[in-house]
Amino acid sequence: MNRILDDPAAWLPFLLFWPILLAIAAAELWRPLYVGRSEPGSRIPVNVAFGLINAGIAAFLPLSTVLAAGWAERHDIGLLNLLDAPPAAAMASTVAIRSLANYLVHRASHALPWLWRIHRVHHADTALDLSTGLRNHPLELAVVAPALAAVAVAAGLDPLALLLYEAVALPFGLWSHANLRLPPRLDRKLRLLFVTPAMHHVHHSARREETDSNFGDVFSLWDRLFGTYVALDGRALQAARFGLGDMHDPRAASLGAQLLSPLRGEGRSEA
């Protein structure tokens, strides 16, 4: 199994990120969920800049969930490795544990003030489209990557299953933020298992009770199980405003101001 870490072909799924990005961008133009909303002209360039900064950091960051899982497998460390779980059970457990870990880290990012100072940069965006999926403060990568790598080692996650999950979760980050209108019936069916744009957009509402909901990245299961699932009908979603307390502050569309945002001590908005 650990041979996948040395096989360049194993990383080909991540190349799908680019055609998927283009496909979602085309879908946004074809079936936009929101039309005519005003937004700062610098919003998308700032979001893309965050994406490029994080991609550059990730290229040199020595922490990777897949590499961590491969290391644990080679050294027979971690729960699943110690149990010598059958391949199918190990893969299913890996997907469940990895998705639950992301849910818990995301929820902690809203609950812990020092983490919220970092994560709120993502929520400061005043509109939603696939570029919002790129908008994360570099410090968030420095916090989340080690946490998820530690989970991969402690749980002994299966490297192949983890690789496939990461390859899916990456474009899902674009999909869930996309300004994309799905047919209501299709949306209802998909969100029984998966996060859809309309479901995740509730998470970006300026209302705190809605911001603190729908934490899942790929699956809707954990939000349903732990009582953090919130649904809005089409009319309510159209009327929702996005961002936080400073949603009308020009700093939300300023790269420099957002990079320095964790140093500011503003609290949570109750809007």
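Please refer to the structure placed before this passage.
If you're wondering where the values come from, they're calculated on a predicted model, not measured in any experiment.

Novice: Would you mind going over the packing of helix α6 (residues 113-123) against helix α7 (residues 138-155) in detail, with residue names and values included?
Specialist: The contact between α6 and α7 brings their axes to 8 Å, and the two run at 130 degrees. Relative to α7, the element α6 is oriented oblique. Like other packed secondary-structure pairs, α6 and α7 cross with a definite hand, here left-handed. For the pair α6 and α7, the contacting residues are Trp-114, Leu-115, Ile-118 and His-119 in the first and Leu-139, Glu-140 and Val-143 in the second. Counted by class, the contact of α6 with α7 contains 5 nonpolar, 1 polar and 1 charged residues.

Novice: Please give an account of helix α8 (residues 159-175) that cites residues and values.
Specialist: Every α-helix winds through 3.6 residues per turn, so residues three or four apart in the chain are directed the same way. Compared with the 24 Å implied by 1.5 Å per residue over 17 residues, the 24 Å span of α8 between its first and last C-alpha is a close match. Of all 17 residues making up α8, 12 are buried, and the element is well covered by its neighbours. What α8 keeps buried is the set Pro-159, Ala-161, Leu-162, Leu-163, Tyr-165, Glu-166, Ala-167, Ala-169, Pro-171, Phe-172, Leu-174 and Trp-175. In this structure, the buried residues of α8 make contact with α1 (17-30), α3 (65-74), α5 (87-111), α7, α9 (184-190) and α10 (197-203).

Novice: Which residues make up the nonpolar core, and what values go with them?
Specialist: As a rule of thumb, nonpolar side chains are buried together in soluble globular proteins. Formed by 16 residues in total, the largest nonpolar core has its most connected members in Ile-24, Leu-174, Trp-175, Leu-180 and Val-218. Apart from residues no more than four positions distant in its own chain, Ile-24 is found in contact with Leu-130, Pro-171, Leu-174, Trp-175 and Ala-178. The next biggest cluster of nonpolar side chains, apart from the first, holds 10 residues, and it includes Ala-68, Ala-69, Ala-152 and Leu-157.

Definitions and cut-offs
Residues numbered from 1 in each chain as written. Predicted model: local features only at pLDDT ≥ 70, side-chain atom pairs only at ≥ 80, totals over all residues. Heavy atoms only, no water. Axes fitted to C-alpha atoms, helices over the stretch in contact; angles between N-to-C directions. Helix = DSSP H or I, 4+ residues; strand = E, 2+ residues; numbered from the N terminus. Parallel < 35°, antiparallel > 145°, perpendicular 65-115°, else oblique. Left-handed = near helix turned anticlockwise from the far one by under 90°. Contact = heavy atoms within 4.5 Å. Nonpolar A, V, L, I, M, F, W, Y, C, P; charged D, E, K, R; others polar. Expected span 1.5 Å × (residues − 1). Buried < 20%, exposed > 50% of the residue type's maximum accessible area, 1.4 Å probe, protein only. Core = buried A, V, L, I, M, F, W, Y, C linked by side-chain atoms within 4.5 Å.

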